[in-house]
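Structural description and commentary
Listed below are the residues making up each chain.
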Amino acid sequence: MALHTRTSAFAAALSFLTSAILAPAQASPTPAPVRARHAMVVSIQHDASDAGLAILKQGGNAVDAAVAVGFALAVVFPQAGNIGGGGFMLIRDKHGKSHFLDYREKAPAAATRDMYLDAHGNVAPGRSTIGYLASGVPGTVAGLTYAQQHFGKLTLAQDMAPAIRLAAQGYVLSAEEAHNLQNKNLARFPTSTQIFQRNGDFYKEGDTFKQPLLAATLTRISKDPTDFYKGEIARQIAAFEQKGGGLITTADLAAYQVKERAPIVGNYHGYEIITAPPPSSGGIVLVEILNILSGFNLPALGPDRSAAQVHIITEAFRRAYMDRGDYLGDPDFNTLPLKQMADPAYAAAWRASIDPTKPTPSKNLLRPAGFMPPPPQFPIPHESTETTHFSIVDADGNAVSSTYTLNGLFGSGLTVDSLGFLLNNQMDDFTSKIGVPNMYGLIQGPANAIAPGKRPLSAMTPTIVTRNGKLAFVLGSPGGATIITTVANDIISTIDNGLNIQQVADAPRFHHQYLPDRLDLEKKFPLEPAEALKAMGYSVNRLAVADEKNPGVWGDSELIAVDPKTHELLGGHDSRRSFGKAAGY
Ligand code: DON
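The following paragraphs examine the structure supplied in this document. (Residues numbered from 1 in each chain as written. Predicted model: local features only at pLDDT ≥ 70, side-chain atom pairs only at ≥ 80, totals over all residues. Heavy atoms only, no water.)

**Notes on the pattern of salt bridges**
The criterion, for reference: Here, a salt bridge means any Lys or Arg side-chain nitrogen found within 4 Å of an Asp or Glu carboxyl oxygen. Whether a residue is buried, partly exposed or exposed follows from its accessible area with a 1.4 Å probe, protein chains only, as a fraction of its type maximum: under 20%, in between, or over 50%, in that order.
Taken as a whole, this structure holds 26 salt bridges when the rule is applied. In this structure, D102 and R455 form a salt bridge, with 3.1 Å as the shortest nitrogen-oxygen distance. Owing to a relative accessible area of 0%, D102 belongs among the buried residues under this scheme. Where R518 meets D520, a salt bridge forms, and the shortest distance between an N and an O atom there is 2.8 Å. Each member of the pair R518 and D520 is classed as buried.

**Here's the deal with the sheet that holds strand β9 (residues 271–275)**
Note the cut-off: DSSP-based pairing: two strands are paired if at least 2 bridges between them are found. Here a helix means four or more residues in a row that DSSP labels H or I, a strand means two or more in a row labelled E, and each is numbered from the N terminus. Lines fitted to C-alpha atoms define the axes here, with helix axes fitted over just the stretch in contact, and angles between the N-to-C directions of these axes take values from 0 to 180 degrees. Two residues form a contact once any of their heavy atoms are found within 4.5 Å.
The sheet built from 7 strands is open, its strands ordered β1-β18-β17-β13-β12-β9-β8 with antiparallel pairing. Edge positions in the open sheet fall to β1 (34–36) and β8 (264–268), since each of these has one partner strand only. Averaged over all adjacent pairs, the angle separating strand axes in this sheet is 25°, with direction ignored. Judged from the 5 bridges that link them, strand β17 (residues 558–562) and strand β18 (residues 569–573) form a sheet pairing that is antiparallel. Among the inter-strand pairings, A561 is bridged to a residue of β18, identified as L570. Taken strand by strand, helix α12 (residues 282–293) contacts β8, β9 and β12 (463–467), and its axis lies near 20° from that of β8. Across the sheet, helix α17 (residues 483–495) is in contact with β8, β9, β12, β13 (470–475) and β17; its angle to β13 comes to roughly 135°.

**Section: the environment of R318**
Assignment of secondary structure puts R318 in helix α14 (residues 307–327). Assessed through its relative accessible area of 0%, R318 is described here as buried. Considering only alpha carbons, one finds R318 and L365, 47 residues apart in sequence, at a separation of 8.9 Å.

**Brief notes about the sheet that holds strand β4 (residues 98–103)**
Taking strand neighbours across the sheet as the criterion, the 7 strands line up as β7-β4-β3-β11-β10-β2-β19 in an open arrangement whose pairing is antiparallel. Both outer strands of the open sheet, β7 (259–261) and β19 (581–584), are each paired with one neighbouring strand and no more. Taken over all neighbouring pairs, the strand axes of this sheet differ in orientation by 15° on average, direction set aside. Across 7 bridges, the pairing between strand β10 (residues 387–393) and strand β11 (residues 399–405) is antiparallel. For H389, the partnering residue across the bridge sits in β11 and is T403. In the packing of helix α4 (residues 140–151) onto the sheet, the strands contacted are β3 (86–92), β4, β7 and β11, and the crossing angle to β4 comes to about 155°.

**Observations concerning the packing of helix α8 (residues 212–223) against helix α10 (residues 232–244)**
Definition in use: Any angle that is under 35 degrees is reported as roughly parallel, and any over 145 degrees as roughly antiparallel; angles of 65 to 115 degrees are reported as roughly perpendicular and all others as oblique. Basically, the charged four are Asp, Glu, Lys and Arg, the nonpolar ten are Ala, Val, Leu, Ile, Met, Phe, Trp, Tyr, Cys and Pro, and anything else, Gly included, counts as polar.
Look at α8 against α10: their axes get within 11 Å of each other, and the N-to-C directions meet at 135°. It follows from the interaxial angle that α8 and α10 lie oblique. Between α8 and α10, the residues in contact are T217, R220 and I221 and E232, I233 and Q236, respectively. Along the lines of polarity and charge, the residues of the contact of α8 with α10 split into 2 nonpolar, 2 polar and 2 charged.

This is the structure we're talking about:
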């Protein structure tokens, strides 16, 4: 595939994910975080942040607030907030103990390895992204209710009350939110068109958007969460799937289980990085990146976003993403070389392969010998967004970092008729065909092939950073393949470069994922280092230049830092989005 084709495919994927929800990136000249004494909730939608804050003020802890925000975002941010998708929640309690909840979707029992291939063995366009076949078995309701039952203080009904109210009484749409609802994939399906687009009489700025069906479903869940997996709601979902040719059955729903997994833990310049384990690739790739970079004095090379820093960081990205594609998949179906990937000696060997003056072309990259098992073999052909993150800290110091998703913007586009919620298109995160990029341009290996009951590999990277046993940062972002580099850059910007958490959220992003061999820059990325990187030999893709229709930005960092001196909480809401909020008290 020619470079320009790949470039426009990437731009199209970004556009598909984000174009409808973006305001122009406008970092204020002196971005300052929101400060709060006791507790903080940061999310992409202000009503959802306020829902979390209200629960904290009612005596709920960070997990109660996370449950409230999770259900509220299913109402007020239907692009990605969901009950028809899945995700991850990382909890660090006030005693310093961490818990990681995996409520990622699972492939239905009837899923098969080649289900997205046509009769000629080619990936059938849209089959893994639009409509019935695109959905995995949703995990969000199981995940949020598990979190509430095991770690919350209030009742599920209390935690869900704000979401139910927002669905029943409605919320007021901003111009950007109203515009977002005009999404083309929603227009493909009558129920989605009716609910989100008033059958073509589109919602406008200032309209109150009510979702009575969703309110009724949420009320049923709040009374009996098992209804979603084993009761009448499960039967309604399965009947809907059967009618439309989908695969999800009552047996799939009944078999769904949340998994508590040990988080990945790494170290970076004296900070402890607590992050997402597989089936997310996020945490282990993040740790590998940071291990490689820990041997450099980045500030000595130049300031944040200088060409010299970006070069070294990009070379770490390239190397760690090579391992991502070759080795990672659902840990319940594969033995993954996580110890080797996190080994500082391996990172040192990778570091030694970085040329300080120029990029290593991905096609010439050789994995250091003697550390990793041989990767499963697969031929790479010669030719070669929407999720949401929220961060919460309560007055006792409990922290939650959570990223969950429908995958693409509004998921599969399909709303379950009688229940009023959108289903995910998470099946596209599997390897549809080895060597063929998914919607994020990721080329993935056999470890991530489709199998019944398997979880697709994710990049979601909810992360908590501590120093000397004390909470330092809560962070994460959406953005598909770009999530890991966004989180890595956010960590580097604060720990290495000393940016405040609002500057971190707003800093122009750069991304490299090994293949395609291309350095993506947001449109606000400064021109001078962009030119210097080009001169160094990078194939630079500054998004605004590539395609005027693409949004030119990606990701959405929703961050909290703890001021080490005053112990205040500092909230950083990504200013790329106009309707979010850092809410504290
Ligand atoms: O789990 C993953 O890595 C993807 N499904 C996340 C998708 C995403 O972040 C889209 N957002 N822009």
